[in-house]
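# Secondary and tertiary structure notes
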Amino acid sequence: MKYLVLFGWVLALFFACSDDKENDPIVPPGPDEPETPDTSIPSGLRDGINQLSDDSLAFVLFAPKKSQVYLIGDFNDWSISNAYKMQKDGDRFWLKIGGLQKGKEYICQYLIDGSIRVADPYADKISDPWNDASIPASAYPDLIAYPSGKTTEIAMVVSTGRTEYPWSVANFRIDDVKDMVIYEILLRDFTSAGTIKAAREKIPYLKELGVNAVELMPFNEFEGNDSWGYNPSFYFAPDKAYGTADDYKAFIDECHRNGMAVIMDMVLNHSYGQSPLVRMYQDGVAKPSADNPWYNQKSNFANPDAQWGADFNHESQYTKKLVDSICAHWMKYYKVDGFRFDFTKGFSNTPYPASGNDSWGNPYDAARIRNLKRIYDEIKRRNPDALMICEHLSDNDEEKELADYGLLLWGNINYNFNEATMGFHEFENGRRKSDIHWASYKERGWSKPNLIAYMESHDEERIMYKNLTYGNVAGNYNVKQLNTSLERVGAAAVMLMSFPGPKMIWQFGELGYDYQLNDDRLAKKPVRWDYYNVPERKALYDVFTAMNRLRHSYPAFSTSDYTISVGEPVKQILLKSSGGDACVIANFDVVPVNANINFSKTGTWKEYFTNHTFTVTAASMSMELQPGEYRVYLND
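For the structure given in this document, a descriptive report is provided here.

Reading the values: rules and limits
Residues numbered from 1 in each chain as written. Predicted model: local features only at pLDDT ≥ 70, side-chain atom pairs only at ≥ 80, totals over all residues. Heavy atoms only, no water. Pairing = 2+ DSSP bridges. Helix = DSSP H or I, 4+ residues; strand = E, 2+ residues; numbered from the N terminus. Axes fitted to C-alpha atoms, helices over the stretch in contact; angles between N-to-C directions. Contact = heavy atoms within 4.5 Å. Buried < 20%, exposed > 50% of the residue type's maximum accessible area, 1.4 Å probe, protein only. Expected span 1.5 Å × (residues − 1). Polar contact = N/O pair within 3.5 Å; in protein donor to acceptor, adjacent residues only side chain to side chain. Parallel < 35°, antiparallel > 145°, perpendicular 65-115°, else oblique. Left-handed = near helix turned anticlockwise from the far one by under 90°. Nonpolar A, V, L, I, M, F, W, Y, C, P; charged D, E, K, R; others polar.

Taken in spatial order, the 8 strands close into a barrel running β10-β11-β12-β15-β16-β17-β20-β23, and their pairing is parallel. The average undirected angle you get between the axes of adjacent strands in this sheet is 25°. On the sheet, helix α5 (residues 245-257) packs against β11 (213-216) and β12 (261-266) and is oriented at approximately 140° with respect to β12.

Attention now goes to the environment of F75. Its place among the elements puts F75 in the loop between β3 (69-73) and β4 (87-89). The exposure class of F75 is buried, given its relative accessible area of 18%. Measuring from C-alpha to C-alpha, the distance between F75 and I107 comes to 8.3 Å, with 32 residues separating the pair along the chain.

On the secondary structure map, E254 appears in helix α5. Apart from residues no more than four positions distant in its own chain, E254 is found in contact with R200 and I203.

Right, let's talk about helix α8 (residues 366-382) for a bit. Between the first and last C-alpha of α8 there are 25 Å, a value that for 17 residues agrees with the 24 Å anticipated at 1.5 Å per step. If you check which residues of α8 are buried, you get A367, R368, I369, N371, L372, K373, I375, Y376, E378 and I379. By the N-cap criterion, in which a side-chain oxygen at the helix start approaches the backbone nitrogen of a residue two or three places on, α8 is capped by D365, the distance to A367 being 3.2 Å.

Across the interface, helix α10 (residues 414-422) lies against helix α12 (residues 482-498) with an axial gap of 9 Å and an inter-helix angle of 140°. Here α10 is positioned oblique relative to α12, judged by the angle of their axes. Our pair here, α10 against α12, has a crossing hand that is right-handed. Side by side, α10 and α12 meet where F417, A420, T421 and M422 of the first sit next to R488, V489, A492, M495 and L496 of the second. Across the contact of α10 with α12, the residue classes break down as 7 nonpolar, 1 polar and 1 charged.

Right under this line is the structure:
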């Protein structure tokens, strides 16, 4: 009898255990069921944070050679549990989570192999334990607080059900790159608030100036809140110190409404130690380990002055994919019109010495050219109208090849223009120090006008500071005097803007900004919008404005048929086009000069600034020019 009872009990237990076969973990798998769960990443998921619905997200982390990853955060009270252990599929880990409140922000992190806490490299918003608390509400209202006491290191901020920004300009393109006038901005020092929202209020000023492109110094997340931005940490998140994501989008949208392209300064030569791409694979602090997928263990530049942070390995397939994703992200979600890439001479692994002529990587580098062309092709594949600008400054044979391929390149003419404005014309290496011929793409032998010439950028000492400090003196003519110095910068602006091809102005250069850069190079500089109300400075602004308008309206300034004579103190550019000719002259000597000026034809010419007419009776005519005097003659 006891055997019968025992048999009945076992039979009942069998049917009870089999009642909910799908959910009961102790039920052995049937013939069609796998022995282990399927851990392959569901189709459609990409690296980073994926929104699945209004209450669910999926996380995908590329982490080769890592053993286990947990997702920890607000939604699980920062606890480590199997429910939030990420599935491993080859080199990637993934996890779906649900039950989230639509629109609510959650802070979370990956915990890798029990010791490395990082935010997702693809996060579009981060929570910073060291710097967020000092961001004022005026810059970023209602910023979610870092979960102090719950975790350490930078975390990511995620949410579902985000509202799409209502763009007023869906598709924007700059009309003519040759006609482009770029205005370079460091948001920190552009307004007293130092925010992207405050910069938006200055767009009417820029439009009046005649700017049709704005280049913002790096605004993806960088280390700290007070920086030029060349110490990047997260590449998909706008820096909160300048404002919210929608503030950035509103600025870009407003620029587009006013006919201005927006160029993003991007640092892909290196990252700094807070980047999760660095922290996931490092030997010591901010030193990439040999198995880091994205970085070299050390820079290919032995010159210590050419080393910053962790050096990207641009030969790595993983770096290539990352670069393409970064560019695609900002073009798609923020509608930026292109990129200015910092120190593109670092985009190869070619070794360069610690000192000597090659220590800054100037010689022709085939691997570097190949990498830059690849990036250019990928950007153009996603947006054929997008701009790619390189701060390259290498030997001309390499720059020529890149320019002829379609890339735009910075052309730094600061030294030569400043020697001219200070009034110094001594010979140096066979040319006068004030020779500005390198501002011409034709002088470089390029077939395309892809040179962005400038006389100031964020990097160079301010022209006005050097004029006022070191300017030349001849009798009663003194370059150190404010009015005289401003007039000479006006002459330089006239010459710069007369070279065909795109140009760049550094912020407040049009007002004669004269605070020294290099006393404390990276420190905040005074914001001087009041300069606009100083008549002599406003006169300089008016010169820039007039020349920009002329560039946009008069065909000769975009011609390829021009000649220059800019090696002597009196400089001339002669431009010819079917829509009219232009003759631009300026005297950078500190004494009056009788100069022979070449004209393209005889007849009546009109001086642009004074509206006075001038009769040309011969191809070359002599005229006296006072020191600092400039003229722009037009013939329709």
